[in-house]
Amino acid sequence: MNAKLESGVTTRPVTRQTFDEVLVPTYAPAAMVPVRASGLDVWDQEGKHYLDFTSGIAVSSLGHCNPVLVDAMTRQINTLWHLGNGYTNEPVLRLGAALTEATFADRAFFCNSGAEANEAALKLARKYAHDKFGPHKSRIVSCYSSFHGRTLFTVSVGGQSKYTEGFEPLPPEINHINYNDIESARAAITDDVAAVIVEPIQGEGGVIPGDVEFLKTLRELCDKTGALLVFDEVQSGVGRTGALYDYMNVGVTPDILTSAKALGNGYPIGAMLTTNEVGKHFTVGTHGTTYGGNPLATTVALNVIEQINQPAFLARVREASAKVFANLEKLVADYPQLFAKPRGKGLLIGLPMADGYKGKSKDYTKVAEKLGLMLLIAGPDVVRLAPALIVSDEQIAEADRLMRQAADAFLAG
């Protein structure tokens, strides 16, 4: 036996320091280590309680350890785990049917993450353009400050140099426009464009909603040039904005939509949704993934969709959103030196730092965390709130209390 394993890997003590010793340093996690969670409640190794307004970066929208999902996964764990894509399975067929019935799409492709869903979308768009128009139609247009994943292809499409520096040479034929800038779009989207990819609300870029006229113009330009319009709804989808997908709010239908994050409530799954006309260009062998559409992931996702895609549930998301926004407006009025006007949609909300505190969003969230409130950032200038969609009025009020307490502590230095 390997001497390193004799101590019992599954039971050996670990701390935050263990991260620095054994994991590649691609993250800088918090000092505390969560060990248990339920709903929006999290406890760390020391037994300290936190109110989670991050939901794992807009992932655990039905809360941690959701009992319906636990039961569904437990049944599936005892039934069938994995087959590989040489076979199909009942859960993936049910999920595909549920998503196509609930959206514009006719076809679904399942993978393991948002990055893979976007990779599939962009590959499909180029394949469609190549088959229909020829190899000259290959250019991809995206927006500056967008985020579409961490593969070399998707990070290049993202338009944020901080994520591409040191990884050159980057994939060619990718150009960027300014978000919500119609003239920038008109200049860039010409006949050689295969796809335009856009977030209907930019998440990592600062929680900035897309102007309806901008998104409609993208649709019109794609129709005019024969390009495909791809909506990246990895963060905005599955109820986060008060609709199943945000394209339903803005009234602009894409040719391809990508989904992940909340789709699995923490279990890895991604999806690319599209039409029959576009989807038929992914023929047998042109794309694939080993784990995509496995019975465990699709069982969880199906139960997520069944819970969230209900009128009463989505109405409650909109109601909760209004309460959070009202509290934040009052917070800004009481702390104008610290915060600026909140923005966002549904329960994906950005709270910008005021001019005097630009670059300090992480510093503020660290103070809040010490007080027991978990928050996110959306770049150095914006605090991001993305609580589980099941957040209660009492939890909204508690978050407001803790944010005010954190503001006082932060300003006091």
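Keep in mind that what you see is a predicted model, and the values were worked out from it rather than measured.

Caption draft 1: Focus on the UniProt feature "modified residue: N6-(pyridoxal phosphate)lysine" (unreviewed entry) in the chain. As annotated by UniProt and renumbered to match this structure, "modified residue: N6-(pyridoxal phosphate)lysine" (unreviewed entry) occupies Lys261. Locating Lys261 in the fold gives a position in the loop between β11 (256-259) and β12 (270-274). By relative accessible area, which is 23% here, Lys261 ends up partly exposed. Not counting residues within four places of it along the chain, the set of residues in contact with Lys261 comprises Ile57, Ala58, Val59, Val234, Gln235, Gly266 and Ile269. Looking at Lys261, its side chain comes within polar contact range of the main-chain oxygen of Ile57, at 3.1 Å.

Caption draft 2: Seen up close, the state of the cysteines. By the definition in use, this model includes zero disulfides. In this structure Cys222 is not part of a disulfide, and its nearest cysteine sulfur, from Cys143, lies 11 Å away. With relative accessibility at 1%, the residue Cys222 sits in the buried group.

Caption draft 3: Inspection of helix α8 (residues 212-225) at higher detail. Between its first and last C-alpha atoms α8 spans 20 Å; for 14 residues at 1.5 Å apiece the expected length is 20 Å, and the two agree. Of the residues making up α8, those classed as buried are Phe214, Leu215, Thr217, Leu218, Arg219, Leu221, Cys222 and Thr225. In this structure, the buried residues of α8 make contact with β5 (139-143), β6 (174-177), α7 (182-188), β7 (193-198), β10 (228-232) and α9 (247-250). Gly226 sits one or two residues past α8 and shows a positive phi near 80°.

Caption draft 4: Looking closely at the nonpolar core. In this structure, Leu218, Phe339 and Tyr364 are the most contacted members of the largest nonpolar core, which totals 81 residues. The element contributing the most residues to this core is helix α12 (residues 311-334), with nine residues. The residues touching Phe339, leaving out its near neighbours within four places in the chain, are Leu331, Val332, Leu351, Pro352, Met353, Ala354, Tyr364 and Ala407. Residues Phe109, Leu124, Ala195 and Val278 belong to the second largest nonpolar core, which totals 21 residues.

Caption draft 5: Quick look at the environment of Arg401. Residue placement: Arg401 occurs in helix α14 (residues 393-412). For the pair Arg401 and Val141, spaced 260 residues apart in the sequence, the C-alpha separation amounts to 43 Å.

About the thresholds
- Throughout this description, residue numbers start from 1 for each chain and increase along the sequence as written.
- This being a predicted model, a pLDDT of at least 70 is required before a residue's local features are given, and a value of 80 or more before pairs of side-chain atoms are given or counted; all residues contribute to the totals for chains, interfaces and linings.
- Derived side-chain values reflect all non-hydrogen atoms in the structure, with water molecules and hydrogen atoms excluded from consideration.
- UniProt positions are given in the numbering used here, feature names are shortened, and annotations may be inferred rather than shown by experiment.
- Secondary structure elements are defined from DSSP: runs of H or I of at least 4 residues count as helices, runs of E of at least 2 residues count as strands, and each element is numbered from the N terminus.
- Burial classification: accessible surface area is computed with a 1.4 Å probe over protein chains only, and a residue below 20% of its type maximum counts as buried, one above 50% as exposed, and the rest as partly exposed.
- Whether two residues are in contact is decided by their heavy atoms: any pair within 4.5 Å suffices.
- Pairing of N or O atoms within 3.5 Å defines a polar contact, subject to two protein rules: one partner must be a possible hydrogen donor and the other a possible acceptor, and residues neighboring in sequence count only if both atoms are side-chain atoms.
- By definition, disulfides here are pairs of cysteine sulfur atoms that lie within 2.5 Å.
- Multiplying 1.5 Å by the residue count of a helix minus one yields the expected span of that helix.
- Only buried residues count toward a nonpolar core. Its members are Ala, Val, Leu, Ile, Met, Phe, Trp, Tyr and Cys residues joined through side-chain atoms within 4.5 Å.

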